Amino acid sequence: MSIEELEQQLLSLDLAQRIRILQLLAQSLTVPSASQPSRSPDELDLTRDRNPEHPLRGIPITIPPDFDEPMPELWDALEQ
């Protein structure tokens, strides 16, 4: 499979699937796959840099599936 074909397949995925692939790629570059903890698709691991100056780095981040969906009710409320 060529890079162009792979790129087209990746771009055809929805945002949540592309984010999951990015997470997997990032983890594969930083942590050996045998030692990777199992995580839900919505969690990002920030625990590898445990610095006392950054106490929030150990908390998993969860991105809701509707993170980037439009919010017309918000715009309607702002217009009033």
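Residues numbered from 1 in each chain as written. Predicted model: local features only at pLDDT ≥ 70, side-chain atom pairs only at ≥ 80, totals over all residues. Heavy atoms only, no water.

Draft legend 1. Representation of the overall build of the protein chain within the structure. The helix and strand inventory of the protein chain stands at 3 helices and 2 strands. Listing each helix as α and each strand as β along the protein chain from the N terminus yields α-α-β-β-α. Counting contacts in the protein chain only where the partners sit at least 6 residues apart, residues at least 24 apart contribute 3% of the total. (Helix = DSSP H or I, 4+ residues; strand = E, 2+ residues; numbered from the N terminus. Contact = heavy atoms within 4.5 Å.)

Draft legend 2. Examining helix H2 (residues 15–30) more closely. Taking 1.5 Å of rise per residue, the 16 residues of H2 would be expected to cover 22 Å, and the 23 Å separating its terminal C-alpha atoms lies within 8% of that figure. With a side-chain oxygen lying 3.1 Å from the backbone nitrogen of Ala16, the N-terminal cap of H2 falls on Asp14. (Expected span 1.5 Å × (residues − 1). Polar contact = N/O pair within 3.5 Å; in protein donor to acceptor, adjacent residues only side chain to side chain.)

Draft legend 3. Here's a closer look at a nonpolar patch on the surface. Among the surface-exposed residues, Met71, Leu74, Trp75 and Leu78 lie close enough to one another that they form a single nonpolar patch of about 460 Å² accessible area. Tracing the backbone shows Met71 in the loop between strand E2 (61–62) and helix H3 (72–79). For Met71, a relative accessible area of 44% translates into the label partly exposed. (Patch = residues over 30% accessible without salt bridge, like charges linked within 9 Å, V, L, I, M, F, W, Y side chains within 5 Å. Areas by Shrake-Rupley, 256 points an atom, 1.4 Å probe, with all protein chains shown as cover. Salt bridge = Lys/Arg side-chain N within 4 Å of Asp/Glu carboxyl O. Buried < 20%, exposed > 50% of the residue type's maximum accessible area, 1.4 Å probe, protein only.)

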